[in-house]
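Next come the chains, spelled out residue by residue.
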Amino acid sequence: MKQLISLLSLMLIVGWGSDSEAANHASPNIVLIFIDDMGYADIGPFGNTDVKTPNLDRFATEGMKFTNFYATPVCSMSRACLMTGCYNARVSVPGVLFPRDNVGLNPSEVTLAEIVKQKNYATCAIGKWHLGHHPEFLPLRQGFDRYFGLPYSNDMLAGRNGMPPLPLYDNDKVIETEPDQSQLTKRYTEKAIEFIRQNQNSPFFVYLPHTMIHFPLAASASFLGKSKMGLIGDTIEEIDWSVGQIMGTLKELNLDDNTLVVFTSDNGPARREAPPFRGNKGTIFEGGVREPCMMRWPGKIPAGTTCHEIAGNIDMLPTFAKLVGATLPKDRILDGRDITSLMYDPKSGPVRDTHLYYSGLKLGAIRQGKWKYFPSSAAGNAGNNKTKETKAALYDLSTDLGESNNVAEANPDVVMKLEQEFKTRREEIEANKRPVGRHAD
Ligand SMILES: [Ca+2]
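Residues numbered from 1 in each chain as written. Predicted model: local features only at pLDDT ≥ 70, side-chain atom pairs only at ≥ 80, totals over all residues. Heavy atoms only, no water.

Concerning the overall build of the protein chain
So, step 1. The helix and strand tally for the protein chain stands at ten helices and 17 strands.
So, step 2. In terms of overall size, the protein chain behaves like a compact globule, its C-alpha atoms giving a radius of gyration of 22 Å where 441 residues would be expected to give roughly 22 Å.
So, step 3. In terms of overall dimensions, the protein chain has C-alpha extents of about 85 × 55 × 50 Å along its principal axes.
So, step 4. When each of the 441 residues of the protein chain is scored for burial, the buried share is 59%.
So, step 5. Total accessible area computed for the protein chain in this model is approximately 17,600 Å², and 53% of it derives from carbon and sulfur atoms.
So, step 6. Placing the 48 positive and 51 negative side-chain charges of the protein chain at their respective mean positions leaves the two points 1 Å apart. (Helix = DSSP H or I, 4+ residues; strand = E, 2+ residues; numbered from the N terminus. Rg over C-alpha atoms; globule rule 2.2 N^0.38 Å. Buried < 20%, exposed > 50% of the residue type's maximum accessible area, 1.4 Å probe, protein only. Areas by Shrake-Rupley, 256 points an atom, 1.4 Å probe, with all protein chains shown as cover. Lys, Arg positive; Asp, Glu negative; His and termini not counted. Charge placed at Lys NZ, Arg CZ, Asp CG, Glu CD.)

A word on the coordination of the calcium ion
So, step 1. Surrounding the calcium ion are the protein donor atoms Asp36 (OD), Asp37 (OD), Cys75 (SG), Asp266 (OD), Asp266 (OD) and Asn267 (OD1), which sit 2.2 to 2.9 Å from the metal.
So, step 2. With six donor atoms in place around the calcium ion and angles of 49 to 150° between them, the coordination shape is irregular.
So, step 3. Taken in sequence order, the residues that donate to the calcium ion follow the motif D-D-x37-C-x190-D-N. With Asp37 in the loop between β1 (29-35) and α2 (54-62) and Cys75 in helix α3 (residues 75-84), this pair connects stretches of sequence that are 38 residues apart.
So, step 4. On the accessibility criterion, Asp37 (1% relative accessible area) is buried.
So, step 5. Cys75 gets classed as buried once you look at its relative accessible area, which sits at 2%. (Donors = N, O, S within 2.8 Å, 3.2 Å for Na, K, Ca; no water. Tetrahedral: all angles 85-135°; square planar, octahedral: opposite > 155°, others 65-115°.)

What to know about unusual backbone geometry
So, step 1. Here the bond from Met212 into Ile213 is cis, since omega is 15°, no more than 30 degrees from zero.
So, step 2. With respect to the helices, strands and loops of the structure, Ile213 is situated in the loop between β8 (204-209) and α6 (231-252).
So, step 3. Here the bond from Phe215 into Pro216 is cis, since omega is 0°, no more than 30 degrees from zero.
So, step 4. Residue Ser92 is not a glycine yet carries a positive backbone phi of 55°.
So, step 5. With relative accessibility at 16%, the residue Ser92 sits in the buried group.

Digging into the side chain of Glu136
So, step 1. Tracing the backbone shows Glu136 in the loop between β4 (122-126) and β5 (146-149).
So, step 2. Among the polar contacts listed, one links the side chain of Glu136 to the side chain of His439, at a separation of 2.6 Å.
So, step 3. In this structure, Glu136 is in contact with Pro107, Arg141, Gln142, Arg438 and His439, ignoring residues within four places of it in sequence. (Polar contact = N/O pair within 3.5 Å; in protein donor to acceptor, adjacent residues only side chain to side chain. Contact = heavy atoms within 4.5 Å.)

Quick notes on the packing of aromatic side chains
So, step 1. A full pass over the atoms with the stated rule returns 15 aromatic pairs.
So, step 2. Taking 6.1 Å as the distance between ring centres and 65° as the angle between the ring planes, the aromatic pair formed by Phe66 and Phe69 counts as edge-to-face. In this structure, Phe66 and Phe69 share a single accessibility class: buried.
So, step 3. An angle of 80° between the planes, with centres 6.0 Å apart, marks the rings of Phe374 and Tyr395 as edge-to-face. With Phe374 in strand β15 (residues 371-374) and Tyr395 in strand β16 (residues 393-396), this pair connects stretches of sequence that are 21 residues apart.
So, step 4. Judged by its relative accessible area of 2%, Phe374 is buried.
So, step 5. Residue classification places Tyr395 among the buried positions, given a relative accessible area of 3%.
So, step 6. Every member of this aromatic cluster is reached through a ring pair, and the members are Phe34, Trp129, Phe144, Phe205, Tyr207 and Phe320.
So, step 7. Lying across the ring of Phe215, Arg271 places its NZ or CZ 3.8 Å from the centre. (Phe/Tyr/Trp six-rings, centres within 6.5 Å; stacked < 30°, edge-to-face > 60°. Lys NZ or Arg CZ within 6 Å of the ring centre and 35° of its normal.)

Here we look at the packing of helix α5 (residues 184-198) against α6
So, step 1. Two elements in contact, α5 and α6, have axes whose closest approach is 10 Å; the angle formed by their N-to-C orientations is 15°. On the basis of their axis angle, the class for α5 and α6 is roughly parallel. At the point where α5 passes α6, the crossing takes the right-handed sense. For the pair α5 and α6, the contacting residues are Thr185, Lys186, Thr189, Ala192, Ile193, Ile196 and Arg197 in the first and Glu238, Ile239, Trp241, Ser242, Gln245, Ile246, Thr249, Leu250 and Glu252 in the second. (Axes fitted to C-alpha atoms, helices over the stretch in contact; angles between N-to-C directions. Parallel < 35°, antiparallel > 145°, perpendicular 65-115°, else oblique. Left-handed = near helix turned anticlockwise from the far one by under 90°.)

A few points about the pairing of β16
So, step 1. Residues Ala393 and Tyr395 line one face of β16 and the alternating positions Leu394 and Asp396 line the opposite face, and both faces are buried.
So, step 2. Bridge analysis of β15 against β16 gives four bridges, and the strand direction is antiparallel. The residue of β16 that forms the bridge with Lys372 is Tyr395. (Pairing = 2+ DSSP bridges.)

Describing empty space enclosed by the protein
So, step 1. What the rule picks out here adds up to one cavity of 30 Å³ or more.
So, step 2. Size it by volume and the largest cavity reaches roughly 70 Å³.
So, step 3. Residue lining of the largest cavity: 15 residues in total, with Ala71, Thr72, His355, Leu356 and Tyr358 positioned closest to the centre.
So, step 4. Counting residues per element, the lining of the largest cavity draws most heavily on strand β13 (residues 354-359), at four residues.
So, step 5. Its residues assigned to classes, the lining of the largest cavity shows eleven nonpolar, four polar and no charged. (1 Å grid on protein atoms, 1.4 Å probe; cavity = no way out; pocket = protein on both sides within 12 Å on 5 of 7 lines; lining within 4 Å. Points joined across faces, edges and corners; volume = space filled by probe spheres on them. Nonpolar A, V, L, I, M, F, W, Y, C, P; charged D, E, K, R; others polar.)

Overview of the pattern of salt bridges
So, step 1. A full pass over the atoms with the stated rule returns 29 salt bridges.
So, step 2. Asp36 serves as the salt-bridge partner of Arg79, at 3.6 Å between the closest nitrogen and oxygen. Placement of the pair is Arg79 in helix α3 and Asp36 in the loop between β1 and α2, with a sequence separation of 43 residues.
So, step 3. You can call Arg79 buried: its relative accessible area is 0%.
So, step 4. Of the charged contacts in the structure, one is a salt bridge between Glu428 and Arg90, with a shortest N-O distance of 2.7 Å. Linking Glu428 in helix α10 (residues 412-431) with Arg90 in the loop between α3 and β3 (103-104), this pair joins segments that are 338 residues apart in sequence. (Salt bridge = Lys/Arg side-chain N within 4 Å of Asp/Glu carboxyl O.)

Honestly, it's all geometry; don't read function into it.
Spelled out as structure tokens, the structure:
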């Protein structure tokens, strides 16, 4: 009898063990939709009234908007931040990589995909990579099981400055060159949905970095000429359609409640403004680096809420690690922070109050709380000539989103403090930066 009771107890313990195993298995799926060159004011939830974005509008009512969410001025550096949880200068990835370049994100970096791989997530990257086009830098070597898309920007086309034909990859094979760009949003969407269907029974991570709305713009026949904003509006509306398709698939497969969807962009808008901000793509004014961002996870992220705290793409890696129960690498410094507290309660208080604005590998400005400071020593790092600062500038972002009223002279103590903080942070990253990956041929 005693033995039987022991056996029963053992079975119970084993049974409980299995239950907690099942609970672990229920870690959320993650879908990260990353748009190219979409500015803050390009979609309905962030104030655009000319373009129709019903799916993104609904996303906002069902999830959380982030109004102080930072990326960087241009493509490659932004993806380096997103993939590593570090400022791009820490991992030595410059602004934009070109087909002639022999560098890429160092394979020794731990990427978002490698983080979730600790928990056996199925992982795919569908779309524009732009962290090195040599085989050792491509997604299949950086933690992704599946890759479909372009290795760099869609304007790096055959014959332009001696560039080779633009390749379209399916895993590690080039299946087409110079693909019809009007079909890319649709094709990426289909591939992402195919991956979700195939992996609906295991936790998955879908990284969907669209090629649009980067120039040259192209939309499929169903969207071409349909928006009130011209071709740029057509591409935005097609992106909105794509988001609707993804959300519809999650709903259909009953994965809605167990999937975190993040929607954001890599940098500010090209060749247009980003109201209410100053500057656009290529600059470190808010218009160049502050991005529309929304997160949706029914039952976990409160619906229809807005978070005004500082956050950014560098925070995604530690945040995803927390959500899936993965361990962060301990042998290196990360710059991002776990922002799950903000996702559960947008008023829970700041996770980090400081943000650094890199322009390429140069630090150009610093934000602490409401203050944003451009030291005179960094003048010119802000971006193009039209919009760069020529002397030290201090802006109060709580009242001056357009960075038009330099209050440096009136606030010498703030200037002195931020001048020191700028130097300390720049020196720390310089002293602890890690090398870019170099392709040997
Ligand atoms: Ca971009």
